[in-house]
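Chains, contacts and geometry: an overview
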Amino acid sequence: MKWQQVQEGPSAVYVVVLDPGEDAVAELTAFARDRSLGASQVSAVGAFSEAVVGWFDRQAKDYRPLPVEEQCEVLSLIGDIAVADDGPAPHLHAVLGLSDGSTRGGHLLSGRVWPTLEVVVRDSPAELAKTHRPDLGLALIDLG
């Protein structure tokens, strides 16, 4: 992973470029924690050699994994970064383009980068906290 800060100040902007073989979720989580990001927006394009997106099952209160076991284009990756119990955590959704022109999308659980993932992270001076909601089975941004 390589990154560059392209805007200074309390609303910093970073460009993060992931390398082949890196896991997008793990790398973006590490980046957010290293930079102590607390209220950021994330967008990205690129491609994965394989990925797992998730569909949230309300009854099970957990993500049902939907593996994508082929090269796929990251047509859209958007999300946020907020502070969870264990530190800054990205919440990412992706739409992936498959070889037959169909798409698969959902919560990004993992994505093995190939050949690149180009990410823009827009931070803000605020800090948003995620609170675990046992009734839902999710940690959600809590505005108080």
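Model, not experiment: these values are computed from the prediction.

**Here's the deal with the overall build of the protein**
- A count of helical and extended segments in the protein gives one helix and nine strands.
- Viewed in the frame of its principal axes, the protein has a C-alpha envelope of about 45 × 40 × 20 Å.
- Across the 144 residues of the protein, 38% fall into the buried class.
- A fraction of 64% describes how many contacts in the protein between residues 6 or more apart in sequence connect residues 24 or more apart.
- As displayed, the protein offers around 7800 Å² of accessible surface, 52% of which is attributable to carbon and sulfur atoms.
- One finds the centroid of the 11 positive side-chain charges in the protein at a distance of 5 Å from the centroid of its 21 negative side-chain charges.

**With respect to the pattern of salt bridges**
- This structure, assessed with the given rule, holds five salt bridges.
- For R33, the salt bridge goes to D86, with nearest N and O atoms at 3.3 Å. Of the two residues, R33 sits in helix α1 (residues 24-34) while D86 sits in the loop between β5 (72-84) and β6 (87-97), which places them 53 residues apart along the sequence.
- R33 gets classed as partly exposed once you look at its relative accessible area, which sits at 33%.

**Quick look at α1**
- Restricting attention to buried positions, one finds in α1 the residues A24, V25, L28, T29, F31 and A32. For α1, the arc enclosing every buried residue in end-on projection is 160°, short of the 170-degree limit, so these residues lie on one face.
- Check the buried side of α1 and you find it contacts β1 (2-7), β2 (13-18), β3 (39-57), β5, β6 and β7 (103-123).

**Re the pairing of strand β8 (residues 129-133)**
- With five bridges joining them, β8 and strand β9 (residues 138-142) adopt antiparallel strand pairing. Pairing of A129 across the sheet is with D142, part of β9.

**What to know about empty space enclosed by the protein**
- Inspection of every chain in the model, using the stated rule, returns one cavity of 30 Å³ or more.
- In this structure, the largest cavity occupies an estimated 30 Å³ of space.
- Surrounding the largest cavity, L28, F31, V42, I81, P90, L92 and V121 form its lining.
- Looking at the lining of the largest cavity, the elements that each hand over two or more residues are α1 and β6.
- Within the lining of the largest cavity, the residues separate by chemical class into seven nonpolar, no polar and no charged.

**Structural notes on the nonpolar core**
- Grouped together as the largest cluster of nonpolar side chains are 29 residues, with contacts concentrated most on F48, L96, L108, L117 and V121.
- Elements with a minimum of two residues in this core: β2, α1, β3, β5, β6 and β7.

**Description of the side chain of D57**
- Relative to the elements of secondary structure, D57 occurs in strand β3.
- In this structure, D57 is in contact with D62 and R64, ignoring residues within four places of it in sequence.

**Things to note about unusual backbone geometry**
- In this structure, P115 follows W114 across a cis peptide bond, with omega equal to 0°.
- Following the sequence through the fold, P115 ends up in strand β7.
- The backbone of S36 sits at a positive phi, close to 55°, despite the residue not being glycine.
- Residue S36 is classed as exposed on the basis of its relative accessible area of 60%.

Calculation notes
Residues numbered from 1 in each chain as written. Predicted model: local features only at pLDDT ≥ 70, side-chain atom pairs only at ≥ 80, totals over all residues. Heavy atoms only, no water. Helix = DSSP H or I, 4+ residues; strand = E, 2+ residues; numbered from the N terminus. Buried < 20%, exposed > 50% of the residue type's maximum accessible area, 1.4 Å probe, protein only. Contact = heavy atoms within 4.5 Å. Areas by Shrake-Rupley, 256 points an atom, 1.4 Å probe, with all protein chains shown as cover. Lys, Arg positive; Asp, Glu negative; His and termini not counted. Charge placed at Lys NZ, Arg CZ, Asp CG, Glu CD. Salt bridge = Lys/Arg side-chain N within 4 Å of Asp/Glu carboxyl O. Arc of directions from axis to C-beta. Pairing = 2+ DSSP bridges. 1 Å grid on protein atoms, 1.4 Å probe; cavity = no way out; pocket = protein on both sides within 12 Å on 5 of 7 lines; lining within 4 Å. Points joined across faces, edges and corners; volume = space filled by probe spheres on them. Nonpolar A, V, L, I, M, F, W, Y, C, P; charged D, E, K, R; others polar. Core = buried A, V, L, I, M, F, W, Y, C linked by side-chain atoms within 4.5 Å.

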